[in-house]
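Here is what each chain is made of, one letter per residue.
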Amino acid sequence: MSDLVTGDAVVLGLRPARLPSRALAILVDLAVYLSGYGMISIGLTVATYGLDNALQAAVAVASFVLLLVGVPIAVETLTHGRSLGKLACGLRVVREDGGPIRFRHALVRGAMGVVELLMTLGVVACIASLVSERGRRLGDVFAGTLVIRERVPGNRVMPVPPPPPWLAGRFTALDLSAVPDGLWLAVRQYLTRMDQLDPQMGAALAARLADDVVARTGTPPPAGVPAAAFLMAVVHERQSRDAARAFGATAQAAQAMAPPVVPVGAPVAPYPYVAPAAPVVPVAPAAPVAPVVPAAAPAPRSGFAPPA
C-alpha cells in the first residue's frame, strides 16, 4: 500500500504527499530563499564595488551556491526534513523505512534539486513525481527518501478500533517484518468496516486474516484471544512502532509509557472459552443399546477463540 503513520498513530503507515502539495511547499521555500538571496546579493554588490570583475563573479557564484543549495540542505538536516514550506503545508521528508533523514539524504536531495528544480524550472521534478507511484522526484529516488503528509484531515481518516485493554503490550516482541503491505491493508479494511459486516461472515473473515498474520509471524495463535481482538492488538503494535521510528520517540519515553510485556504464548484470563458440557441422558437398563454410528469429522477451525 502507499499509506505508510501520522503522529498519533491513527493511520496505518505513512501517507505520501502528492504533486500539488509538494509544488506549493517548494514555491514557498523558493520565495523565501530567493528573497534572502536578493537581499544578500545587493549587500555583496555594494561591498564588492570597485573590485575585480572575476572576484565579483566568484562572490556571486559562491553566494548562489551557499544560499540556494547549502542553506536548504542545512535546514532539512537540522529540522529532520521540515523546511519552512513543508512545515506550512504539513509535509516532511523521511527515509523509505520511515526514519528521520540525515545529512547524506539532504545532500543528495539538494544536489539533484539543482538540476530538477532550478536548471529545468521544476519540469523534471514534476514529470518524475507524476510517474512515481508515491510521488517521488529523482532526488528522493537517489537519496532513498519520501515526502509524507504529517497532517491528515480527520474526515478522511477511518480510525482502527483500539484493542481491548487486557491485550495492551502483549505483542511487543512479535516479529511483524514478514507481514506484507497487502495483508496490512486487508486487515485495516476489515477492522474499519467490521461493524457493517454480517456477524458470521465477519467472524470467518477475521479468523482467516488472523491465521494469515500468524503464518507470517511464525508464532502460534495466542490462547483465548478472539481473532478480531488479535488483529486490533497487532495493528496497534505496528502503528506504535512506526510512530516511534518515524517521529523519533526515545527509548526511555517508550519504555515509561509501554504497558507490562506479557509473553505471546501465555494464557489470558479474561474471556476464557469453555466448551459446553454434553447433557446427561438417562438410559433405561432394559432398553437395547443401539449401534454407535461414528460422527462425521468436524471441519477444521482456526486456532483463535470464538468472538465473545
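Residues numbered from 1 in each chain as written. Predicted model: local features only at pLDDT ≥ 70, side-chain atom pairs only at ≥ 80, totals over all residues. Heavy atoms only, no water.

1. As for helix α1 (residues 19-47)
- Taking 1.5 Å of rise per residue, 29 residues should cover 42 Å, and α1 covers 41 Å from first to last C-alpha, within 8% of that figure.
- All buried positions along α1 are accounted for by Arg22, Ala25, Asp29, Tyr33 and Ser41. (Helix = DSSP H or I, 4+ residues; strand = E, 2+ residues; numbered from the N terminus. Expected span 1.5 Å × (residues − 1). Buried < 20%, exposed > 50% of the residue type's maximum accessible area, 1.4 Å probe, protein only.)

2. Considering the packing of aromatic side chains
- Counting across every chain of the model gives 2 aromatic pairs.
- Centre to centre, the rings of tyrosine 37 and phenylalanine 64 are 5.9 Å apart; their planes meet at 80°, and the pair counts as edge-to-face. With a gap of 27 residues between them, tyrosine 37 in helix α1 and phenylalanine 64 in helix α2 (residues 53-78) connect regions that are remote in the sequence.
- With a centroid separation of 5.3 Å and 85° between ring planes, the pair formed by phenylalanine 171 and phenylalanine 230 is classed as edge-to-face. Of this pair, phenylalanine 171 sits in the loop between β2 (145-149) and α7 (181-193) while phenylalanine 230 is found in helix α9 (residues 227-246), placing the two residues 59 residues apart along the sequence. (Phe/Tyr/Trp six-rings, centres within 6.5 Å; stacked < 30°, edge-to-face > 60°.)

3. A short note on the packing of α2 against helix α4 (residues 103-119)
- Their axes nearest at 9 Å, the elements α2 and α4 cross at an angle of 140°. The angle between the axes of α2 and α4 places the two elements in the oblique class. Between α2 and α4 lies a crossing whose hand is right-handed. Each of Phe64, Leu68, Val69, Ile73, Glu76 and Thr77 in α2 lies in contact with α4, whose residues at this interface are Phe103, Ala106, Leu107, Arg109, Gly110, Val114 and Leu118.
- When grouped by side-chain class, the residues that make up the contact of α2 with α4 number 9 nonpolar, 2 polar and 2 charged. (Axes fitted to C-alpha atoms, helices over the stretch in contact; angles between N-to-C directions. Parallel < 35°, antiparallel > 145°, perpendicular 65-115°, else oblique. Left-handed = near helix turned anticlockwise from the far one by under 90°. Contact = heavy atoms within 4.5 Å. Nonpolar A, V, L, I, M, F, W, Y, C, P; charged D, E, K, R; others polar.)

4. Overview of the confidence of the model for the protein chain
- Confidence in the prediction of the protein chain, expressed as mean pLDDT, is 75, and 72% of residues score 70 or more.
- Mean pLDDT per element in the protein chain: helix α10 (residues 251-257) is the minimum at 47, and helix α6 (residues 138-143) is the maximum at 91.
- Ignoring residues within four places in sequence, the model shows residues 1-12, a span with pLDDT below 50, making 46 contacts including any to other chains. (pLDDT = per-residue confidence, 0-100.)

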